[in-house]
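Close look at the chain arrangement
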Amino acid sequence: MNRMPFFYDITLRDGNQSLKKPWNTYEKEIIFKHLTELGVQGVEAGFAAASDMDYEACTHLASIAPDNIVISALARCVENDILKAYESIKPAPKKRIHTFIAMSPFNMEYVLNKTPEQVRKQAIEAVNFAKNLMGNNGEVQFSVEHFGDCRENIDFVIDTLQEIVKAGANVINLPNTVERTRPKTFIELVEKVYNALPKDVIISVHNHNDLGMATAVTVESYFAGAVQLECALNGLGERAGNTNMYEVAVALYNSGVEVPLNLSKIYELALTISDMSKVKIYEKAPLIGPDALAHRSGIHQDGAVKTKDMQKGAYRPIHPSLIGRKDDEKLGFTSQSGKTAIYEIITEAGYPITLQEAQRIAPFAKETAEKIGELSTKNIIDIYFNQVFNVQGAFTLCSMEKLQDNISLHFKYNDKEYDIKLSGNGPVDACIKAIQKAGFNCELLHYEQQALNEEIMGSGATAMSIMHFKTPNGDSVISRGLDESTIKANIKAIFNGLNIIENLYSKTKG
Ligand code: KIV
Ligand code: ZN
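Throughout, residues of each chain are indexed from 1 in the direction in which the sequence is written. The naming scheme follows written order: chains are lettered A onward, ligands numbered 1 onward. Per-residue local features of the predicted model are confined to residues with pLDDT of at least 70, and side-chain atom pairs are confined, for both listing and counting, to 80 or more; whole-chain, interface and lining totals are unaffected and use all residues.

Attention shifts here to the site of ligand 1. Any residue whose backbone-placed C-beta atom lies within 6 Å of a molecule or strand is treated as near that molecule or strand. Surrounding ligand 1, one finds Asp14, Leu74, Phe100, Ser143, Glu145, Asn173, Pro175, Thr177, His206 and His208. For helices the rule is a DSSP run of H or I covering at least 4 residues; for strands it is a run of E covering at least 2, with both sets numbered from the N terminus onward. For the shell around ligand 1, the secondary structure elements donating two or more residues are strand 5 (138-145) and strand 6 (171-176). Under the convention adopted here, Pro, Cys and the residues Ala, Val, Leu, Ile, Met, Phe, Trp and Tyr are nonpolar, Asp, Glu, Lys and Arg are charged, and Gly plus all remaining residues are polar. Looking at the shell around ligand 1, its residues break down into three nonpolar, five polar and two charged.

So, in structure tokens, the structure goes:
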């Protein structure tokens with residue numbers, strides 16, 4: 001399919017009419033400028049007969065409209081409305097009168113109190129009237145209000161639309177004025193109309209989101225023949241809103257359709273519209289929700305981290321930069337989360353950690369999260385410091401003294417106290433020998449020192465010892481010690497290591 005979608009914005013009309021405080025001309029102009037930057041092909045400026053303010057706004061937007069954007073005003077199928085619409089959009093280089101009437105059996109009978117024949121006549125006359133006003137200087141769009149409810153009288157609707165096209169309508173808009181049924185039902189109706197009208201007539205859809213399926217209905221309508229897609233910024237519109245422009249644009253983009261919009265403008269625009277409409281963006285709103293990039297399940301966090309630098313992510317529909325989002329996927333730690341989140345959050349915060357340590361710490365973080373809900377970065381850093389540098393367990397270092405090559409250690413294993421003095425090949429060796437002499441397993445596999453930036457680790461700590469000890473099952477475990485003195489950092493790393501092994505295996509005693 002190589003026809004491009006034609007994005008018709010209805011934020012300033014349908015969106016505006018749903019606001020608690022509709023926009024004035026000045027506000028509409030701000031949004032209109034954003035719409036031109038976004039690159040929409042058409043804008044419905046307002047309902048000219050609704051109020052003087054809306055009339056003025058239509059005229060103003062028509063007068064500043066660039067010559068590549070169609071400007072329309074809405075009108076019921078009554079002469080006065082059509083005249084007002086026509087007058088209001090006159091200054092626009094590309095203009096369109098948009099007139100509508102309901103054709104569903106229910107609405108014709110109970111709201112309009114008219115027979116189908118009366119409605120047909122009124123619609124044809126209105127289009128005729130609009131076409132005569134426009135001549136060759138603009139277009140006429142006709143909307144079948146409540147088209148989604150026209151299943152039982154679709155033959156009547158199609159018959160009438162054929163007359164309406166003959167009367168001069170260039171665009172036939174098919175609204176799902178109230179979303180009540182399956183998307184497929186609506187799409188089948190769109191297909192029927194598309195097949196019954198001449199191919200130079202533009203088919204348009206305008207879907208409300210009462211059941212939350214407007215995006216899907218609009219996207220599939222495009223593939224069923226509708227080129228013009230009426231959408232609103234942030235999905236604003238009557239009741240649950242209109243079709244959300246961003247979702248449709250991105251869904252089509254993801255389906256390989258050439259989308260004539262500057263998608264990178266979306267995110268900023270969404271924030272502006274929320275601010276100007278006073279309609280908050282729902283936390284979980286697709287694409288633009290503040291929480292729409294968050295991962296909290298361990299499995300999702302793992303996939304997200306493994307693919308974070310790739311264009312396609314394991315758990316996201318697009319790269320956030322596509323819509324101009326500067327924030328990236330974020331990991332929130334809850335009782336559902338896992339080691340990957342700990343690793344990423346601690347690394348991101350600038351502290352050293354290995355995946356093995358993250359795995360060991362994760363249960364402590366989960367336990368806290370079970371009680372208080374999602375942990376803040378500060379919560380996680382506190383847990384990290386406790387579980388990495390101050391590991392509690394059966395071993396307690398009470399004091400330590402180094403006299404030349406001798407080391408004198410006073411420590412407790414549960415309640416039993418040990419006082420051991422030993423010399424060795426340096427303090428680490430001496431300390432380990434002292435512990436072994438007391439009858440505990442303690443086999444050092446690897447040892448390194450890291451100089452530290454005090455600002456990062458805090459409390460004057462400038463030395464970090466990293467040690468790897470052999471575990472009872474032959475694996476190795478990493479432990480760290482932090483202090484301003486290198487020797488103390490070493491001894492702390494040894495005792496942290498003893499407690500880590502004891503806590504994991506309860507088997508340090510030889
Ligand atoms: O929802 C609707 O049917 C409308 C028409 C006026 C197009 O907004
Ligand atoms: Zn509508």
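And the narrative resumes.
What fixes the domain bounds is an automatic or database domain assignment. We note that the domain assignment places domain 1 (6-261), domain 2 (294-388) and domain 3 (395-509) within the protein chain. On a C-alpha basis, the centroid separation for the pair domain 2 and domain 3 is 30 Å.

Over its 13 residues, helix 15 (residues 377-389) extends 17 Å from the first C-alpha to the last, a length consistent with the 18 Å expected when each residue adds 1.5 Å. Counting other C-beta atoms within 10 Å of a residue's own tells you its class, since 20 or more makes it buried, 12 or fewer makes it exposed, and anything in between is partly exposed; those C-beta atoms are placed from the backbone. Within helix 15, burial applies to Ile380, Ile383, Tyr384, Gln387 and Val388. For helix 15, the angular spread of buried residues about the axis comes to 110°, placing them on one side. We call two residues in contact when their backbone-placed C-beta atoms lie within 7 Å. Elements that come into contact with the buried residues of helix 15 comprise helix 13 (339-348), helix 14 (355-372) and strand 16 (476-483). The span expected for a helix works out to 1.5 Å for each residue beyond the first. Within this analysis, the arc is defined by the directions that extend from the helix axis to the C-beta atoms.

Take the environment of isoleucine 158 next. Here isoleucine 158 shows up in helix 7 (residues 154-166). Judged by the 17 C-beta atoms lying within 10 Å of it, isoleucine 158 falls in the partly exposed class. Each C-alpha atom, one on isoleucine 158 and one on lysine 306, is 53 Å from the other, the two residues being 148 residues apart in sequence. Excluding residues within four positions of it along the chain, isoleucine 158 makes contact with Lys192, Val193 and Ala196.

A separate point is the sheet that holds strand 12 (residues 406-413). A pair of strands is considered paired only if DSSP assigns at least 2 bridges between the two. The three strands are arranged 11-12-13 in an open sheet whose pairing can be described as antiparallel. Two strands close off the open sheet at either side, each with one partner strand: strand 11 (395-403) and strand 13 (416-423). Geometrically, the sheet is characterised by an average inter-axis angle of 15° between neighbouring strands, direction not taken into account. Lying on the sheet, helix 16 (residues 427-437) is in contact with strand 11, strand 12 and strand 13; it crosses strand 13 at an angle near 135°. Note on definitions: angles span 0 to 180 degrees between N-to-C directions of axes, and those axes are lines fitted to C-alpha atoms, for helices only across the stretch in contact.

Read once around its circumference, the closed barrel built from eight strands follows the order 1-2-3-4-5-6-7-8, with strand pairing classed as parallel. In this sheet, neighbouring strand axes are inclined to one another by 25° on average, regardless of whether the strands run parallel or antiparallel. Where strand 6 and strand 7 (residues 202-207) come together, six bridges link them in parallel fashion. Considered in strand 7, the bridge of valine 171 is made with isoleucine 202. Running at roughly 170° to strand 7, helix 9 (residues 214-223) makes contact with strand 6, strand 7 and strand 8 (228-231) of the sheet.

On to the nonpolar core, then. In terms of nonpolar packing, the biggest core is built from 91 residues, with Ala45, Ile71, Ala73 and Val190 touching the most fellow members. Looking at this core element by element, the count peaks at seven residues for helix 10 (residues 245-254). With residues near it in sequence (within four places) discarded, valine 190 still touches Leu174, Ile203, Val205, Ser221, Ala224, Gly225 and Ala226. Judged by nonpolar contacts, the second largest core, of 25 residues, contains Val391, Met464, Ala489 and Ile500. For this analysis, nonpolar core means a set of buried Ala, Val, Leu, Ile, Met, Phe, Trp, Tyr and Cys residues linked through C-beta atoms within 7 Å.

Bringing unusual backbone geometry into the picture now. Backbone geometry at asparagine 113 places phi at a positive 55°, although glycine is not the residue there. Even without being glycine, histidine 146 reaches a positive phi, approximately 65°. Along the chain, histidine 146 falls in the loop between strand 5 and helix 7. Assessed through the 22 C-beta atoms surrounding it within 10 Å, histidine 146 is described here as buried.

This next bit is on the pairing of strand 6. Most of strand 6 is tucked away: six of the six residues are buried. Neither face of strand 6 is exposed, since Val171, Asn173 and Pro175 on one face and Ile172, Leu174 and Asn176 on the opposite face are all buried. Where strand 5 and strand 6 come together, three bridges link them in parallel fashion. Across the sheet, glutamine 141 pairs through a bridge with valine 171, a residue of strand 6. If the strands point away from the viewer and the path from the first strand over the helix to the second runs clockwise, then the crossover is right-handed. Each parallel crossover has a hand, and the one from strand 6 via helix 8 (residues 183-196) to strand 7 is right-handed.

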